[in-house]
Amino acid sequence: MKKKQFKTESKRLLDLMINSVYTNKDIFLRELISNASDALDKLHFRTLTDNSGAAAGELTIRITPDKQARTLTIEDNGIGMTKDELENNLGTIAKSGTLAFRDENAGEGEGESALPEVIGQFGVGFYSAFMVAKKITVLSRAYGSDEANLWTSEGLDGYTVEPAEKDGRGTVITVYLKDNEGEESYDKYLETYTLRELVRKYSDYIRWPIKMLVETTRMKEHECECEHDHEDGECECGHEHKEPEYETVTEDQTLNSMVPLWRRNKAELTDEDYNGFYSDKFHDYEDPLAHIHTKAEGGVTYNAILYFPASAPYNFYSKNYKRGLQLYSNGVMIMESCEDMLPEYFGFVKGLVDSPDISLNISREMLQQNRQVRAIANGLKKKIKAELESMLKDDREKYEKFFKAFGLSLKYGIYESYGMEAENLADLLLFRSAKQDKQITLQEYLDAFEPNQTEIYYACGESPEMVRSLPQYKYLIDKGYDVLLMTDNVDEFMTKMMNGYKGKPFKSITDSDINAQSEDEKKAMAEKQEENKELIEAVKAALGDRVKEVRLSSRLSDSPAALTSEGPLSLEMEKVLSEMPLGGDAKAERILELNPEHPVFAALVKAKNEGGDLEGYAKLLYNQALMMAGLRIDDPAEFARAINALIVK
Ligand code: ADP
Ligand code: MG
C-alpha cells in the first residue's frame, strides 16, 4: 500500500510540534479526550436534530491501557470519520492557516522561531500524541455509514489509510508508546493511577463519562449467621470468623466528575460547595473570604468562579508566586495559570474561567493579544472590584482582614502604574487614622475634614508609635486635624503617584509648607527668622553639607528641633531606598528646623552671644533630629562623647 506524505508544511509543523510546542507530554491525553468529547458532542447534536437520539445509546469515552502490547487506546462512540475525513482531518495539519502563515514568513530563520507561537492557533491537538507515540492508529466508522477505515502513521514519514472492520460507529485511537529512553519512561501512561490522575487534572469536567476498567481487590463475601459488619474480619459479637479472603475484580469506573461546578446553577450551590471546591482545587486549608460566580453571554461567553483567599501565601510578595486563573475551553483545562486574566494588583485572586470562545490550542503568546481574553479580563476586573467594594461596605471586619493580607498589592498597583490605576483602586485603600485610632478609607478621612481643611495629612514611619513621636505630629493633632499613619514602605511612593484624592492633595506632616498654618503664624515666624539670622547662619555653618538649610518653625510643639526635607525625595523615601538591595544612595535634601519657643533655643542664643560651644550644640541637635526621624546618625561615637561631655560639665 502506498504511503501518503504529509504536506510539506505539515511535516515541518509536526516536527516542531513534537519537539517544542508542548514541553508537557502529559497533555496528549487531554487532547485525545477532548477530540473524543467533541465527536460525542457532534453526534449528540446530529441525533437531536434528526430525532434518532434514543438510538444513539450511551455516549462514552473509554480508555484502555494494555501493558503487554504497550498501547493505550482512547475510544469513543461519537460521530466518527469517513475515509475522506480521516485523510483531511488527520492528513494535513492546520489546513488553512498554516499555508498563509508560511507564505508570509517565506524567509527562514525568523519565521522558524515564531512558528511554535502561532501553531497554538491551529488544530494540532491530535498530533501531540506523537510526543509519546512511535505509532498511532485511528480506526473509525462514521455515523450513518457501515464502512470503517484504519489510519496508521509512524510520525513524520507519512500515513496510510486502508479499509477495516469495526463494530458500531465511532473512533478508536491506539497509541503505541515510544520505547523508554533513559530517564524518560512512557510506561506510566499504562498505569491506572497515572491515567486516573491525568483525567482528573485535565479532563474532570468533560461532560461525557470517561470510563476505564480498573482492577480492584476486595474481600470475598462469606456466609455467617450474625448480621454484623465484617470488614476487618473481626466481629463485634465476638464470634469467630474465618480469615478474610480477597479476590481481584474488574470494575468499570467513571474517572471524571462530569459536571463542572461553574456550570451549575448558583441557586443550587451552597457556600460549602464553593469552599470545598476551593480547597480541593487550590489546596488551601483556610476557607476563602469570598467567592464570585459569574457568567457572561453576548459579546464574549464565559463562566468564572473566583476566590479571595483568607491569607497571603508565604511567597505572595515574591517573584516566585504564580499568579493567574485556570483557563478552560468548554470544560477542558488548557492552562493552569493564565496571568493575562487578572491585572497584577488583583494577583491574589484564585479561580478559573471557562470560555468556549478560547481555542483549546491557544498558546501563551497568542493569549496576550487575544481579544476575547482581554474582554474576559476586563469583565472579571470589574467584578472583583465590585465584590471588594461591597465587602468594604457590608462587612468591614472581613474587609480589614482582606486588606491586611492583600492591601499591599493594591498599593503597589497604584504605584507601579504611576498612578494610572488610582481611580480604580483608591477607594479600596485603608489607612490608620490617628484621631479615630482605626482603619479608615480616604473618603472617611474627607468626611471628617476640619472646617478649613484643604489637605490630606499623612505621616510615614516604621510604626504608628514612631509616627506619633514626630515633632510635627502633635502640632496638627492639637489643631484638631486627623493624620493618616502610614507604615508600609510603599505608602509614600504611592501617595506621590496619586495626585491627591478627589481633588485634595496629600501632604506629609513634615512638609515645610502646609495650609494648616495660618498666615499670621507664618508672618510671625518670618519675622523671628529675620531677627535670628546670624544665629541660624552659624548653625548652618556648623553643620556644613549635612543640611541644605536651617530655619525656624512654629510646628515643633515641645521638641527643640526636627528634620524635614524639600524636593521630590522625602526622608522616609530615602530610608526605604537605602534598605533596598539596589536602592542606590539617593539622599533627601535635609532641612533642620529649630523651635524658637523651646528653652534649648534660648541656650543656643546664649552660646552664640557668650562664645559657648554653638558648633557642638548644633551637631547634637542635628543628630537628635535624625534619630527622631528614624534615621541613622552619622557618627555614634562622636555623639556619645558629646553627650558625656555635657554630663560632666
Ligand atoms: P482540533 O480538535 O483543534 O480540530 P485536532 O488535531 O485535535 O484539532 O483534531 C483534528 C480533527 O480530527 C478534528 O477537528 C476532528 O475533525 C478530527 N478528529 C480527531 N479525533 C476525532 C475523533 N475521536 N472522532 C472524530 N473526529 C476526530
Ligand atoms: Mg482537538
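Everything discussed here concerns the structure shown above.
Just so we're clear, the structure is a prediction, and the values are computed from it rather than from any experiment. (Residues numbered from 1 in each chain as written. Chains lettered and ligands numbered in written order. Predicted model: local features only at pLDDT ≥ 70, side-chain atom pairs only at ≥ 80, totals over all residues. Heavy atoms only, no water.)

Chemist: Account for the nonpolar core, with residues named and values stated.
Modeler: Counting residues in hydrophobic clusters, the biggest one holds 76 residues, and the most contacted among them are Phe308, Met341, Phe348, Tyr399, Phe402 and Leu410. Aside from chain neighbours lying at most four places away, what touches phenylalanine 402 is Leu289, Phe348, Leu388, Met391, Gly407 and Leu410. With 62 residues, the next largest nonpolar core counts Ile63, Val132, Trp151 and Tyr205 among its residues. (Core = buried A, V, L, I, M, F, W, Y, C linked by side-chain atoms within 4.5 Å. Buried < 20%, exposed > 50% of the residue type's maximum accessible area, 1.4 Å probe, protein only. Contact = heavy atoms within 4.5 Å.)

Chemist: Lay out the packing of aromatic side chains with the relevant residues and their values.
Modeler: Following the criterion strictly, the structure yields 26 aromatic pairs and no others. Both rings, one in tryptophan 262 and one in tyrosine 328, keep their centres 4.7 Å apart while their planes meet at 50°; by these two values the pair is tilted. Here the residue tryptophan 262 occupies a position in the loop between β8 (246-254) and α7 (271-282), and tyrosine 328 occupies one in strand β11 (residues 325-329), the gap between them amounting to 66 residues. Comparing tryptophan 262 with tyrosine 328, the two get one shared label, buried. Between phenylalanine 402 and phenylalanine 406, the ring centres sit 6.0 Å apart and the planes meet at 40°, which makes this aromatic pair tilted. Of this pair, phenylalanine 402 and phenylalanine 406 are both found in helix α10 (residues 396-416), four residues apart, which corresponds to roughly one turn of the helix. Each member of the pair phenylalanine 402 and phenylalanine 406 is classed as buried. Put simply, the rings of Phe308, Phe316, Tyr317, Tyr321, Tyr345, Phe346, Phe348, Tyr399, Phe402, Phe403 and Phe406 pair up and form one aromatic cluster. The ring of tyrosine 176 has lysine 135 lying over it, and the distance from NZ or CZ to the ring centre is 4.7 Å. (Phe/Tyr/Trp six-rings, centres within 6.5 Å; stacked < 30°, edge-to-face > 60°. Helix = DSSP H or I, 4+ residues; strand = E, 2+ residues; numbered from the N terminus. Lys NZ or Arg CZ within 6 Å of the ring centre and 35° of its normal.)

Chemist: Kindly report on unusual backbone geometry, identifying the contributing residues and their values.
Modeler: What is expected of a backbone is that most residues other than glycine have negative phi and most peptide bonds are trans. Positioned with a positive phi, arginine 70 is a non-glycine residue whose angle comes to about 55°. Mapping arginine 70 onto the fold places it in the loop between β1 (61-66) and β2 (71-76). You will see that lysine 502, though not glycine, has its phi angle at about 45°, which is positive. Looking at the secondary structure, you find lysine 502 in the loop between α15 (490-498) and β18 (506-508). For lysine 502, a relative accessible area of 54% gives the class exposed.

Scope: geometric values only; no functional claims are made or implied.
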